[in-house]
Amino acid sequence: MTIRNTMHISLFSQPLKTFAMAAFAAGAMATSFLAAAEPVEIKFSHVVAENTPKGQTALKFKALVEERLPGEYKVSVFPNSQLFGDNNELAALLLNDVQFVAPSLSKFERYTKRLQLFDLPFLFKDMDAVEKFQMSDAGQALLGSMKRKGIVGMGYLHNGMKQFSANEPLKLPTDASGKKFRVMASDVLAAQFDAVNAMAVKKPFSEVFTLLQTRAIDGQENTWSNIYSKKFYEVQSYITESNHGVLDYMVVTSAAFWKGLPADKRKIIKQCMDEALAYGNKIASDKNAQDRQLIIDSGESKVVELSDSERQAWIDAMKPVWGKFEDQIGKDMIDAAVAANK
Ligand code: SIN
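What you see as residue numbers is a count from 1 along each chain, following the sequence as written. Local features in this predicted model are restricted to residues of pLDDT 70 or higher, and side-chain atom pairs are both shown and tallied only at a pLDDT of 80 or more, whereas totals for entire chains, interfaces and linings draw on every residue. Only hydrogens and water are set aside when side-chain values are computed; all heavy atoms of the structure are taken into account.

Per an unreviewed UniProt entry, the protein is named C4-dicarboxylate ABC transporter, and its organism is Shewanella mangrovi. UniProt positions are given in the numbering used here, feature names are shortened, and annotations may be inferred rather than shown by experiment. UniProt's Sequence similarities (unreviewed entry) comment on the protein is quoted here verbatim: "Belongs to the bacterial solute-binding protein 7 family."

Written out as structure tokens, the structure is:
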């Protein structure tokens with residue numbers, strides 16, 4: 001093959017040869033110019049559906065970046081654990097296989113113990129208190145809590161308050177006794193279920209529906225939007241409106257990727273992220289309220305409301321968990337969070 005090509009070229013006269021080589025060089029330059037003009041791909045991976053606060057925020061970020069840096073950057077969003085799931089998304093971020101992820105605040109335990117704060121049961125009375133704490137100096141300081149691990153916190157994103165779901169109505173802590181509940185990979189969440197003599201099973205989000213459907217577990221805790229979009233309500237007969245904890249996110253990138261961006265582009269991308277987060281935080285509470293109503297309307301799962309004394313029984317049973325994690329989280333942080341309830 002090589003010999004034949006050489007012979008073929010040698011059939012050209014010298015001027016023709018020069019012309020052919022110039023044409024080849026021009027073609028190669030055009031190709032490399034075109035290749036250089038390809039937009040840089042930024043991957044944003046997450047584990048939830050697109051019709052959730054996080055799914056919508058990621059799409060908003062994509063739209064803003066592609067509008068403000070057209071032809072220079074494109075954002076590819078991978079929802080539903082398509083690219084990476086709970087078990088590997090942060091490792092993938094540090095390998096630069098993905099540039100943005102937004103794990104729940106419960107999923108950073110391997111990188112910092114400080115964020116365990118958000119998992120303490122009955123810490124925040126509502127989402128206004130969560131927002132107030134996140135915007136406070138203490139809350140903003142936590143965005144930098146994984147700096148030494150090479151993880152940069154871009155900002156908080158709301159989902160909402162968590163509810164318990166199960167195959168039987170959970171009105172009192174004793175109703176949970178002996179049952180198996182899926183939790184995110186968080187020791188605080190495991191301790192929360194230990195406190196009511198239930199068994200906590202740490203599993204990735206992508207496995208929850210099947211675990212519930214096959215009755216390998218009895219229940220789980222999640223927000224209305226996750227319960228609706230992942231159809232957990234179709235395989236759980238009861239949802240207790242407990243609002244016992246918060247499920248929010250931190251959008252993170254890696255220090256290596258972030259510092260490697262040209263300063264002017266980094267500024268624009270940060271602005272796009274801030275606007276996308278503001279958008280997501282604005283729609284989160286309506287999304288959860290709508291999804292709660294859709295679940296009720298479906299008639300597939302019954303919503304259990306707690307009386308004040310029933311709710312107090314859950315608080316009394318679960319609040320001792322705080323003391324177990326105070327040293328790891330920091331009393332100053334817990335106090336600052338409690339102060340946000342005022
Ligand atoms: C998420 O909202 O990102 C998933 C929450 C979960 O793992 O339960």
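All right, on to the nonpolar core then. Residues enter a nonpolar core if they are buried and are Ala, Val, Leu, Ile, Met, Phe, Trp, Tyr or Cys, with the set joined through side-chain atoms within 4.5 Å. Any residue under 20% of the maximum accessible area for its type is buried, any over 50% is exposed, and the rest in between are partly exposed; the area is computed with a 1.4 Å probe on protein chains only. Phe44, Phe61, Phe100, Val251, Ile269, Met273 and Trp314 are the most contacted members of the largest nonpolar core, which totals 56 residues. Starting at the N terminus, helices and strands are each numbered in turn, a helix being any DSSP run of H or I of at least four residues and a strand any DSSP run of E of at least two. With six residues, helix H12 (residues 263-298) is the largest single contributor of residues to this core. Among the nonpolar cores identified, the runner-up in size contains 39 residues, and Tyr111, Ala138, Ala191 and Ala340 belong to it.

When a carboxyl oxygen of Asp or Glu lies within 4 Å of a side-chain nitrogen of Lys or Arg, that pair is called a salt bridge. With the rule as written, the count across this model stands at 14 salt bridges. Between Arg68 and Glu275 there is a salt bridge, with the nearest N and O atoms lying 2.8 Å from each other. Residue Arg68 is found in helix H3 (residues 53-68), and its partner Glu275 is found in helix H12; the two are separated by 207 residues along the sequence. The partly exposed category is assigned to Arg68, whose relative accessible area is 32%. Overall, the relative accessible area of 29% leaves Glu275 in the partly exposed class. Glu72 is the salt-bridge partner of Lys265, the closest N and O atoms lying 2.8 Å from each other. Of this pair, Lys265 sits in helix H12 while Glu72 sits in the loop between H3 and strand E2 (73-78), and the two are 193 residues apart along the sequence. Taking relative accessible area as the criterion, Lys265 reaches 17% and is therefore assigned buried. The exposure class of Glu72 is partly exposed, given its relative accessible area of 33%.

Among the residues of helix H13 (residues 308-318), those classed as buried are Glu310, Trp314, Ile315 and Met318. Taken down its axis, H13 places every buried residue within 145° of arc, on the same side. Turned more than 90 degrees away from the buried face of H13 sit Asp308, Ser309 and Asp316, all of them exposed. On its buried side, H13 packs onto strand E5 (163-166), helix H7 (173-176), helix H8 (187-194) and helix H14 (321-329). The arc in question is the one spanned by the directions pointing from the helix axis to the C-beta atoms. Contacts are residue-level and defined by heavy atoms, with any inter-residue pair within 4.5 Å sufficient.

With mixed pairing, six strands are arranged side by side in an open sheet as E7-E6-E8-E5-E9-E11. In this open sheet, the two edge strands, each paired with only one partner strand, are strand E7 (199-202) and strand E11 (302-304). Averaged over all pairs of adjacent strands, the angle between strand axes in this sheet comes to 30°, irrespective of strand direction. Sheet topology note: the strand E9 (residues 238-240)/E11 ladder contains three bridges and is parallel. Looking across to E11, one finds that Ile239 is bridged to Val303. DSSP calls a pair of strands paired once it identifies at least 2 bridges connecting them. Inter-axis angles, ranging from 0 to 180 degrees, are taken between N-to-C directions of lines fitted to C-alpha atoms, where helices are fitted over the stretch in contact.

Bringing the environment of Ser242 into the picture now. Inspection of the secondary structure puts Ser242 in the loop between E9 and strand E10 (246-254). In this view, Ser242 contacts Phe122, Lys162, Gln163, Phe164, Leu306 and Arg311; residues no more than four positions away in its chain are not counted. Within the structure, the side chain of Ser242 is placed 2.8 Å from the side chain of His244, a separation counted as a polar contact. Under the rule applied, a polar contact is a pair of N or O atoms within 3.5 Å (in protein, one hydrogen donor and one hydrogen acceptor; residues adjacent in sequence only if both atoms are side-chain atoms).

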